[in-house]
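Each chain, letter by letter, is given below.
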Amino acid sequence: MMLKTPSEIDIVRASASKIKDVDFENLAFGNTFTDHMLVCDFREGQWQKPIIKPYEPFLIDPSAKVFHYGQAIFEGMKAYKDENDDVWLFRPDENLHRFNKSAKRMAMPEVPEDIFLGGLNAILDLERDWVKKGLGNTLYIRPFMIAIGSGVIAQPSTQYRFMIILSPARSYYSGEVKVIIAEHFSRAANGGIGAAKAAGNYSAQFYPQKLAQEKGFQQIIWTDDATHTKLEEAGTMNVFFRINDTLYTAPTSERILDGVTRKSLIELAKREGIKVEVRSVLVDELVNAAKDGSLKEIFGAGTAAVVNPIVGFQYKDVYYELPKLENSFALELKDKLTKIQYKLAEDTFGWTVKV
């Protein structure tokens, strides 16, 4: 696919760039932003002309429905720079599809392709100096939409704001990650909004995650809301389990996010001859595999971290350490995927898109 900048877009350039003041070797994830942002409002039943303007705060009515009824969705993407100084995106059409799936579930208007992908192309072209070369260097992309219509009556807004902001980034997680399996709290429920990237999904995780961190764990592996017997996601990521030489991951559902990295790893693993089964994995199955030594790996998968190996898990106050492997599927798949993203290996899938 090709990205095309929409003809109807205004660009107001920043008077000076902040880039010279940024220490790209010591970036805290998501704290530094580029010079510009894209803004496009939905009013009177239609999308207005998008504008790229200097990154800055904006005014919003205190009664805006985003504050009172949580109409807010977002996506997470990355841009990469190859050795020829070309900038690339990874499967942006999948992010657009999921964004609009989230919008529909939250009773928000879908964003047209020319505004989402075309606007993304325009702002990335403007900010390409912020995308640094080298493995581990990326420009994190945060498209999001909020309800800006005023009034505290409990009904969907009639006005919305779509925006794209950009943040230079390095690796998301560092150090060893230990997880605790949820026995009470749930990330999502059938019929709910778990499959949407809605802001409320993430804020609801903060309290149980805080409790887990107080016990010395970095993340939670979420279980199903009805029985707490099925393993579903790890923190904000999809999760994979390696038992012997087979990878297992839960199927997407109303509770589980359709991760772009997840589906890419599944396709990549199959290409590499790794057996993959997409099915529910039971907590008891995992515990028994840990006890008999057939559980080799657990790892999270998502845009920010790509692949995040997990060194051990706790369930019912018993901690299970995972073995240290020389032939780690997690590290092998991460290496192959990132080389595709950075154009260091052939993209046989057609996933990468040039800006």
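Below you will find a few notes about this structure. Since the model is a prediction, treat every value here as computed from it, not as a measurement. (Residues numbered from 1 in each chain as written. Predicted model: local features only at pLDDT ≥ 70, side-chain atom pairs only at ≥ 80, totals over all residues. Heavy atoms only, no water.)

### A look at the environment of N308
Within the secondary structure, N308 is located in strand β18 (residues 306-310). According to the relative accessible area criterion, N308 is buried, its value standing at 7%. For the pair N308 and E272, spaced 36 residues apart in the sequence, the C-alpha separation amounts to 20 Å. (Helix = DSSP H or I, 4+ residues; strand = E, 2+ residues; numbered from the N terminus. Buried < 20%, exposed > 50% of the residue type's maximum accessible area, 1.4 Å probe, protein only.)

### Description of the packing of aromatic side chains
For the structure shown, the criterion picks out 16 aromatic pairs. For the ring pair F90 and W351, a centre distance of 5.5 Å and an interplane angle of 80° mean the geometry is edge-to-face. On the criterion of sequence distance, the pair formed by F90 in strand β7 (residues 87-90) and W351 in the loop between α7 (329-341) and β21 (352-354) is long-range, its members being 261 residues apart. Residues F90 and W351 agree in their burial class; the two are buried. Between F99 and F162, the aromatic rings sit 5.6 Å apart at their centres with planes inclined by 75°, giving edge-to-face as the arrangement. Taken together, the positions of F99 in helix α2 (residues 92-105) and F162 in strand β9 (residues 160-169) put the pair 63 residues apart, joining distant regions of the chain. Each residue in the set F42, W47 and Y160 is aromatic and connected to the rest through ring pairs, giving one cluster. (Phe/Tyr/Trp six-rings, centres within 6.5 Å; stacked < 30°, edge-to-face > 60°.)

### Concerning unusual backbone geometry
Within the chain, A107 stands out as a residue other than glycine whose phi angle is a positive 60°. Tracing the sequence through the fold places A107 in the loop between α2 and α3 (113-126). A107 sits in the partly exposed class, given a relative accessible area of 44%. Residue K343 is not a glycine yet carries a positive backbone phi of 60°. Residue K343 is classed as partly exposed on the basis of its relative accessible area, which comes to 29%.

### Looking at the side chain of Q71
Take Q71: it is sitting in the loop between α1 (65-69) and β5 (72-74). Side-chain polar atoms of Q71 contact the backbone oxygen of M106, separated by 2.9 Å. Within polar-contact distance, the side chain of Q71 engages the side chain of Y160 at 3.1 Å. Setting aside chain neighbours within four positions, we find Q71 in contact with K65, V66, M106, A107, M108, M145, I146, A147, P156, S157 and Y160. (Polar contact = N/O pair within 3.5 Å; in protein donor to acceptor, adjacent residues only side chain to side chain. Contact = heavy atoms within 4.5 Å.)

### What about helix α5 (residues 260-271)?
With 12 residues, α5 should cover 16 Å at 1.5 Å per step; its first-to-last C-alpha distance of 17 Å lies within 8% of that length. Summarising burial for α5: nine of the 12 residues are buried, a large majority. Those residues of α5 that sit buried are V260, T261, R262, K263, S264, L265, I266, L268 and A269. Taken from the residues just after α5, G273 is the one with a positive phi, measuring 80°. (Expected span 1.5 Å × (residues − 1).)

### Description of the packing of α5 against α7
The geometry of α5 relative to α7 is characterised by a closest axis approach of 10 Å and an angle of 105° between their N-to-C directions. In terms of their interaxial angle, α5 and α7 are classed as roughly perpendicular. Residues T261, S264, L265, L268 and A269 of α5 lie in contact with α7, whose contacting residues are L333, K336, L337 and I340. Residues that form the contact of α5 with α7 fall into these classes: six nonpolar, two polar and one charged. (Axes fitted to C-alpha atoms, helices over the stretch in contact; angles between N-to-C directions. Parallel < 35°, antiparallel > 145°, perpendicular 65-115°, else oblique. Nonpolar A, V, L, I, M, F, W, Y, C, P; charged D, E, K, R; others polar.)

### Here we look at α3
The end-to-end C-alpha distance of α3, which contains 14 residues, comes to 19 Å, matching closely the 20 Å that a straight helix rising 1.5 Å per residue would cover. The element α3 is extensively covered by neighbouring structure, given that 11 of its 14 residues are classed as buried. Restricting attention to buried positions, one finds in α3 the residues I115, F116, L117, G118, G119, L120, N121, A122, I123, L124 and L126.

### Here we look at the nonpolar core
The biggest cluster of nonpolar side chains holds 43 residues, and the ones touching the most others in it are L124, I141, M145 and F162. Elements that contribute at least two residues to this core include exactly β2 (36-43), β6 (77-81), β7, α2, α3, β8 (138-147) and β9. Not counting residues within four places of it along the chain, the set of residues in contact with L124 comprises A79, L89, L139, I141, L166 and V355. (Core = buried A, V, L, I, M, F, W, Y, C linked by side-chain atoms within 4.5 Å.)

### Thoughts on the pattern of salt bridges
Using the criterion set out here, one finds 26 salt bridges in the structure. The salt bridge partner of D125 is R128, with a shortest N-O separation of 3.0 Å. Of the residues examined, R128 reaches a relative accessible area of 22% and is grouped as partly exposed. The partner of R255 in a salt bridge is E232, and the shortest N-O contact between them spans 2.5 Å. With a gap of 23 residues between them, R255 in the loop between β14 (246-249) and α5 and E232 in strand β12 (residues 230-234) connect regions that are remote in the sequence. No difference in accessibility class separates R255 from E232, as the two residues are buried. Overlapping salt bridges bring together R91, E94, D258, K263 and E267 as one network. (Salt bridge = Lys/Arg side-chain N within 4 Å of Asp/Glu carboxyl O.)

### Focus: the pairing of β2
Among the eight residues that make up β2, seven are buried, leaving the element largely enclosed by the rest of the structure. By the bridge criterion, four bridges tie β2 to strand β4 (residues 51-54) in an arrangement that is antiparallel. Of the residues in β4, the one forming a bridge with H36 is P54. Examined bridge by bridge, β2 and β9 share five bridges and lie antiparallel to one another. What sits directly across from D41, in β9, is R161. Hairpin connection from β2 to strand β3 (residues 46-47): two residues lie between these consecutive antiparallel strands, with E44 at a positive phi of about 50°. (Pairing = 2+ DSSP bridges.)

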